[in-house]
Amino acid sequence: MSVSLHPKPFDPWTLLADYQSRLPAGRFGANAVFVGTMRDFNEGDDVRAMTLEHYPGMTERHLEDIVAEARRRWPLEDCLIAHRVGAIEPGQPIVLTAAWSAHRQAAFEACRFLMEELKHRAPFWKRETLGDGETRWVARNTEG
Amino acid sequence: MSVSLHPKPFDPWTLLADYQSRLPAGRFGANAVFVGTMRDFNEGDDVRAMTLEHYPGMTERHLEDIVAEARRRWPLEDCLIAHRVGAIEPGQPIVLTAAWSAHRQAAFEACRFLMEELKHRAPFWKRETLGDGETRWVARNTEG
Amino acid sequence: MSITVRYFASLREQLGRGEDRLEAGDADTAAGVWARAVPDRTMPERILIAINQEYADGDHPVRDGDEVAFFPPVTGG
Amino acid sequence: MSITVRYFASLREQLGRGEDRLEAGDADTAAGVWARAVPDRTMPERILIAINQEYADGDHPVRDGDEVAFFPPVTGG
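The following paragraphs examine the structure supplied in this document. (Residues numbered from 1 in each chain as written. Chains lettered and ligands numbered in written order. Predicted model: local features only at pLDDT ≥ 70, side-chain atom pairs only at ≥ 80, totals over all residues. Heavy atoms only, no water.)

**Here we look at the sheet that holds strand 4 (residues 48-51) of chain C**
Residue and element names in this part refer to chain C. Operational definition: Paired strands, in this sense, are two strands between which DSSP finds at least two bridges. Numbering of helices and strands starts at the N terminus; helices are DSSP runs of H or I of at least 4 residues and strands are runs of E of at least 2. In what follows, a contact means two residues having at least one pair of non-hydrogen atoms within 4.5 Å. Fitted lines through C-alpha atoms give the axes, limited to the stretch in contact for helices. The angle between two N-to-C directions lies from 0 to 180 degrees.
The strand order across the open sheet built from five strands is 2-1-7-4-5, with neighbouring strands paired in mixed fashion. Sheet topology places strand 2 (19-22) and strand 5 (54-55) at the edges, where each strand pairs with a single neighbour. In this fold helix 2 (residues 30-37) packs onto strand 1 (3-7), strand 2, strand 4 and strand 7 (67-71), with an angle of close to 80° to the strand it touches most, strand 1.

Laid out in structure tokens, this is it:
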């Protein structure tokens, strides 16, 4: 499975090592990876905790579509998307995107595409708990 | 140390996990990584083995310069470059570049910059052993 | 059969519910579903709409059995 | 003191040696060092030059004690 949602903390490096061990060694040459981790600050405020809501069914389906689109656009050996859902603490990984290709340009571009598409279109919503205990929904993602 | 040369095989995921464990969790948010792995083909030929020559002293110094330049250009928490030297087999990692930042654009761009600069300027030379036992020096890197 | 209406995130909290069920109407659209399900509120301008878990516009037709979801801009990753 | 000349990769193999030592000459340049160290060969056009482990052009001055390296285009990563 190239797409997975994780209600519990995941280790991106273990996930990558496991996933890659099933790919044919010697074929891919280039692997680009992005890991997004929860920061302890946002928009100038301390953030103590976060909850990630998603749309069960649509979220997985949409991530699969993004992977399929990347594979149409670039010559890729494989792609991987992993995303946390539920309660998250600062320092924990939120998202992992990865692309394997024979060539580094395809790997770099596809990995970034997976991440930008996910940010702009995949149904996830963040609610932050600030230092003073107040909660707020994140209104929009930063450009990137 | 953000730059290292490895005469023996290295595991990029272990290296990343170890290195990142020393960075302040909650600060970086975005981590972009590239891993280049030895393929078992190049320019249409089967490749059985490879030897990576370098210029001891200049190579390390040049990689440090590339890291310093990336840190001048983007707001980064940290950077990492690891590179194999000596005898390499297909499927083994050759190079790892990584950049940590509060923002994903900086992480993506810096990681790619590290890799492109390394490809174009760092003193490494590849000699391939082909399927028939013949050896050849790789004349140039592909664009990427 | 009927139409399932779903709300997520801040919208779900503001409405105080995550789901409605409507009888299917004639020649309905996603925006029409909103008007019937949330009659006391104009549909927000920046809202996102999905019909059967695919993004759609407000004037997209809705049929009996469809699942119509409304949610604010996404903020994952 | 003297000038250390170093060769790498395919160039080292073609010359059959990795290093030369030259007496420092007056008003020498990197290209001048090549001409004295490898008198039987024109300096290749696409060659890279480093003086004391920093990239330099052929007309860069070379001083007593310098390390001058010649090598083909790099192919790491």
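After that view of the structure, there is still more to cover.
**Description of the interface of chain A and chain B**
Rule in force here: Joining two parts hides part of their accessible area as seen by a 1.4 Å probe, and the buried area is that hidden amount summed over both. A pair is scored as a salt bridge if a Lys or Arg side-chain nitrogen falls within 4 Å of a carboxyl oxygen belonging to Asp or Glu. Gly is put with the polar residues, along with every residue not named as nonpolar or charged; the nonpolar set is Ala, Val, Leu, Ile, Met, Phe, Trp, Tyr, Cys and Pro, and the charged set is Asp, Glu, Lys and Arg.
Counting residues at the interface gives 38 residues for chain A and 38 residues for chain B. Carbon and sulfur atoms supply 58% of the area that chain A and chain B bury against each other, a total of about 3200 Å² over both sides. On the surface where chain A and chain B come into contact, there are four salt bridges. Arg104 of chain B is the salt-bridge partner of Glu116 of chain A, the closest N and O atoms lying 2.9 Å from each other. Counting only elements with at least two residues in the side of chain A that touches chain B, the list comes to helix 1 (12-21), strand 2 (30-37) and helix 3 (104-121) of chain A. Looking at the side of chain A that touches chain B element by element, the count peaks at eleven residues for helix 3 of chain A. Among the residues making up the side of chain A that touches chain B, the classes are represented as 17 nonpolar, twelve polar and nine charged.

**Considerations on the nonpolar core**
In plain terms, the rule: In this text, buried Ala, Val, Leu, Ile, Met, Phe, Trp, Tyr and Cys residues form a nonpolar core when linked through side-chain atoms within 4.5 Å. Buried residues are those whose accessible area, probed at 1.4 Å on protein chains only, stays under 20% of the maximum for their type, while exposed residues exceed 50% and partly exposed ones sit between those limits.
Among the nonpolar cores identified, the biggest contains 67 residues, and Phe34, Leu63 and Leu76 of chain A together with Phe34, Leu63 and Leu76 of chain B are the most heavily contacted of them. Ranked by size, the runner-up nonpolar core spans 26 residues in total, among them Leu23, Ala82 and Ala98 of chain A together with Leu16 of chain B.

**Quick word on the relation of the copies chain A and chain B**
A rotation about some axis, followed by a shift along it, carries one copy of the chain onto the other. Threshold: Overlaid copies result from least-squares superposition on C-alpha atoms, with residues included only where pLDDT is at least 70 in both.
Each copy superposes on the other: chain A lies on chain B with an RMSD of 0.0 Å after a rotation of 180° and an axial shift of 0.0 Å. Look at the turn and shift together and you get a two-fold axis relating the two. Of the interface residues in chain A, 100% have counterparts in chain B that sit at the interface too, so the contact is made through matching surfaces.

**What to know about the interface of chain C and chain A**
Often, the extent of an interface is quoted as the loss of accessible area on bringing the components together. The interface is formed by 20 residues belonging to chain C together with 28 residues belonging to chain A. With both sides pooled, the region where chain C packs onto chain A buries about 2000 Å², and carbon together with sulfur makes up 51% of that total. Counting the contacts that link chain C with chain A gives three salt bridges. The salt bridge partner of Glu54 of chain C is Arg61 of chain A, with a shortest N-O separation of 3.2 Å.

**Observations regarding unusual backbone geometry**
With a phi close to 50°, Glu43 of chain A is a non-glycine residue in the positive phi region. A relative accessible area of 55% places Glu43 of chain A in the exposed class. You will see that Ala27 of chain D, though not glycine, has its phi angle at about 45°, which is positive. Tracing the backbone shows Ala27 of chain D in the loop between strand 2 (19-22) and helix 2 (30-37). Assessed through its relative accessible area of 83%, Ala27 of chain D is described here as exposed.

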